[in-house]
Amino acid sequence: MALFGNHKTPPPDDVLDARAGPEALLQNLDRVARAYLEKADRGDIVYPACKREPGTAGGGAREIWRDTRLEALRYLTMIPGRDDSLLIAPARQAEMIESFLRLKPHDETVIDFTGQAGDDVAIAIIAGLNWLNHCAGIAKVDRAKITGILRNFRKVVVVAQRWWSTDGAEARCAEMLAARQQLPPLMLYLVWLEHTHLAKEVAAAAALPSEVVRTTDAWTRFEAARDPEDLS
């Protein structure tokens, strides 16, 4: 799992920060996603972010990376009566992983929730990954970098399933959260990390498409960043 960010000051209210812990991250996601979609509905921002032109408002690599990730994560905020524990409670991860692996992959971003808690979370996760694939097509991301998005994430989830099946997994999770150095494989964090990675590919293609730009210090800094806020 990736390291937590090493920010020296608390992040602004509109920044999602994994250091806050899984419960706070999920609560903040609900709030930030709602505010973002309201801005999009008012026409205050170009939506989706992958359609923004470099040099225009919100067209920087940081903004496109951050907002593309948020657009994909917003599906988690749309689940009626969402059972948060499936995403963040160690004791529920085996159940959530089983629900995700049982659900047949598809390529839709239109969601039709079933009322089954685990299935609905899995539906939202798949919709978010499909949204990132959609944005990658708009931004003209090199297909070699994003081929098999759902298949690759399923492999990640299978690895997490093995992790949770070992003795002492819940205790190790608690230790990792307390140390704030690595993210344990809670489903929320698995989705967070995958969305962060894929949204970065979209941002690179949309905001830094020029080969000339990719020889600059800005590109070097972008490549080294693990999170959009590393570019702030």
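Here the structure is a predicted model, which means the values were calculated and not measured.

Asks: Lay out the environment of Gln 93 with the relevant residues and their values.
Replies: Within the element layout of this structure, Gln 93 appears in helix H4 (residues 93–102). For Gln 93, the residues in contact, after removing those within four places along its chain, are Ser 85, Leu 86, Leu 87, Ile 88, Trp 164, Pro 185, Leu 186 and Met 187.

Asks: I'd like a description of the nonpolar core, backed by residues and values.
Replies: The biggest cluster of nonpolar side chains holds 73 residues, and the ones touching the most others in it are Leu 76, Phe 100, Ile 125, Phe 153, Met 187 and Phe 222. The element contributing the most residues to this core is helix H8 (residues 187–207), with 14 residues. Look past the residues within four positions of Phe 222 in its chain and what remains in contact with it is Ala 61, Trp 65, Lys 200, Ala 203, Ala 204, Leu 208 and Leu 231.

Asks: An account of the layout of surface pockets is needed here, citing residue identities and associated values.
Replies: Space inside the second largest pocket adds up to approximately 330 Å³. In terms of lining residues, the second largest pocket is bounded by 21 residues, among which Asp 14, Tyr 36, Lys 39, Arg 66 and Asp 67 are the most central. Broken down by secondary-structure element, the contributors of at least two residues to the lining of the second largest pocket are helix H1 (22–42) and helix H2 (61–73). Here the lining of the second largest pocket takes six residues from H2, the largest share from any one element. Partitioned by chemical class, the residues of the lining of the second largest pocket number 10 nonpolar, one polar and 10 charged.

Asks: Tell me about the pattern of salt bridges, and please be specific about residues and values.
Replies: Here the structure, examined in full by the defined rule, presents 12 salt bridges. Residue Asp 83 pairs with Arg 92 through a salt bridge whose shortest N-O separation is 3.2 Å. Residue classification places Arg 92 among the partly exposed residues on the basis of a relative accessible area of 22%. Among the charged side chains, a network of salt bridges with common partners joins Asp 30, Arg 82 and Asp 84.

Asks: Let's hear about the state of the cysteines: which residues, and what values?
Replies: Applying the stated criterion across every chain, the model contains zero disulfides. Its sulfur unpaired, Cys 135 is 3.8 Å from the next cysteine sulfur, which belongs to Cys 50. Since its relative accessible area comes to 0%, Cys 135 is described here as buried.

Asks: Outline helix H5 (residues 117–139), supporting the account with residue identities and numerical values.
Replies: Here H5 contains 23 residues, and its C-alpha end-to-end distance of 33 Å stays within 8% of the 33 Å for a straight helix at 1.5 Å per residue. Within H5, 18 of the 23 residues are buried, which leaves it mostly tucked inside the rest of the structure.

Asks: For the confidence of the model for the chain, give the residues involved together with the corresponding values.
Replies: Residue-level pLDDT values for the chain average 92, and 94% of them are 70 or greater. Predicted confidence is poor over residues 3–10, with pLDDT under 50, and the contacts of this stretch with residues over four places away or in other chains come to 18 contacts.

Parameters at a glance
- Residues numbered from 1 in each chain as written.
- Predicted model: local features only at pLDDT ≥ 70, side-chain atom pairs only at ≥ 80, totals over all residues.
- Heavy atoms only, no water.
- Helix = DSSP H or I, 4+ residues; strand = E, 2+ residues; numbered from the N terminus.
- Contact = heavy atoms within 4.5 Å.
- Core = buried A, V, L, I, M, F, W, Y, C linked by side-chain atoms within 4.5 Å.
- Buried < 20%, exposed > 50% of the residue type's maximum accessible area, 1.4 Å probe, protein only.
- 1 Å grid on protein atoms, 1.4 Å probe; cavity = no way out; pocket = protein on both sides within 12 Å on 5 of 7 lines; lining within 4 Å.
- Points joined across faces, edges and corners; volume = space filled by probe spheres on them.
- Nonpolar A, V, L, I, M, F, W, Y, C, P; charged D, E, K, R; others polar.
- Salt bridge = Lys/Arg side-chain N within 4 Å of Asp/Glu carboxyl O.
- Disulfide = S-S within 2.5 Å.
- Expected span 1.5 Å × (residues − 1).
- pLDDT = per-residue confidence, 0-100.

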